[in-house]
Amino acid sequence: MGKFHQKPVTHVGQVSVNVMDLDRSLAFYRETMGFKVLSRSDAQAVLTADGTRPLLTIERPPGVTPKENGTTGLYHFAVLLPSRADLSAFLRHVLQRGVRLGAADHYVSEALYLNDPDGNGIEVYRDRPDTEWTWSNGEVSMATEPLDGESLLRESGAPWTGMPADALIGHIHLHAAELKQTETFYVKGLGVDIVNRYGGALFMSYGGYHHHIGLNTWNGVGAPRPKKNSVGLNWYTLVFADEAARLETVANLRGIGAGVSQHGDVYVTADPSGNEIHLAVG
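Definitions and limits used
- Residues numbered from 1 in each chain as written.
- Predicted model: local features only at pLDDT ≥ 70, side-chain atom pairs only at ≥ 80, totals over all residues.
- Heavy atoms only, no water.
- Buried < 20%, exposed > 50% of the residue type's maximum accessible area, 1.4 Å probe, protein only.
- Helix = DSSP H or I, 4+ residues; strand = E, 2+ residues; numbered from the N terminus.
- Pairing = 2+ DSSP bridges.
- Axes fitted to C-alpha atoms, helices over the stretch in contact; angles between N-to-C directions.
- Contact = heavy atoms within 4.5 Å.
- Polar contact = N/O pair within 3.5 Å; in protein donor to acceptor, adjacent residues only side chain to side chain.

S.K.: Teacher, can you tell me more about the pairing of strand S3 (residues 44-48) here?
M.R.: For a regular strand, the rule is simple: side chains alternate between the two faces of the sheet. Along S3, 4 of the 5 residues are buried, which leaves the element largely enclosed by surrounding structure. As paired elements, strand S2 (residues 36-40) and S3 share 4 bridges and run antiparallel to each other. Its bridge partner being in S3, Arg-40 is matched across the sheet by Ala-45. The turn joining S2 and S3, which pair antiparallel and follow one another in sequence, is formed by 3 residues. Where S3 and strand S4 (residues 54-59) come together, 5 bridges link them in antiparallel fashion.

Next up, the structure:
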């Protein structure tokens, strides 16, 4: 694999999740996560890191119901910070706020895990330089090892002043009902490369990244889809470099029998487990 470059590689652009209480969630995403509000209505808020680029939409749909366990849908969305110093400042910030955390060293990255007030999973991470990633036979070496939190805290004494402007959605990880048809959809339809397989999970990427999309069957093979109005994933966006790349992907999806519809300037599809994907150009 060659060296990874974020642009013009296809990547995850935005994520939309349902929440029970918009005001409560906004307080969390602003005060704990450090996002800024780009726009707000009675039922929806669009959040940003740099003040212009939307990264996360939180919605309270009519008749919203709590998060359902044992279904397909969101495992976590992952916010990629520009540097280890940024992750250090974030760790100190959330510890001071008493946030319940998980943590892991994945070889390619260092990651912190937390939930929003409704149980939507979030990862906040920093990448190690791609020159330090190890590839063998087209697969990148990843694992879940203990994070050296003390070392991370020593990286920077700077205070957390909010989400860095260069933060982005680095990847998304989803629950799937099965992996065979799912792999066909993503590889032949969306054109991703499988970069790692282990423990009932697939990790896939564009352009030699460690992963833009993870899929697992940890909620059980044959897991049902959640209700449309339950807490969890609404949709996520894949951003293509240009219109030609997007239209080629639309053709590939239709070629494998996947449904694709057009809504304004966005094409919409869904994987075999019902996870909705918006195809955009950026």
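S.K.: Whenever I open this one, the sheet that holds strand S13 (residues 201-205) confuses me. Can you help?
M.R.: Two modes of strand pairing occur in sheets, parallel and antiparallel, and in both the strands are linked by backbone hydrogen bonds. Here we have 8 strands laid out as an open sheet, ordered S6-S7-S8-S5-S11-S14-S13-S12, and mixed in their pairing. Only two strands of the sheet have a single neighbouring strand rather than two, namely strand S6 (102-105) and strand S12 (193-198). Pairwise comparison of adjacent strand axes, ignoring direction, gives a mean angle of 20° for this sheet. Sitting on the sheet, helix H1 (residues 22-32) touches strand S5 (73-80), strand S7 (109-115) and strand S8 (121-127), and the angle it makes with S7 is about 150°. Against the sheet, helix H2 (residues 84-96) engages S7 and S8, with an angle of about 30° to S7.

S.K.: Looking at this model, I keep getting lost on the side chain of Thr-72. Mind explaining?
M.R.: Take Thr-72: it is sitting in the loop between S4 and S5. Polar side-chain contacts of Thr-72 include one of 3.1 Å to the backbone oxygen of Ser-273.

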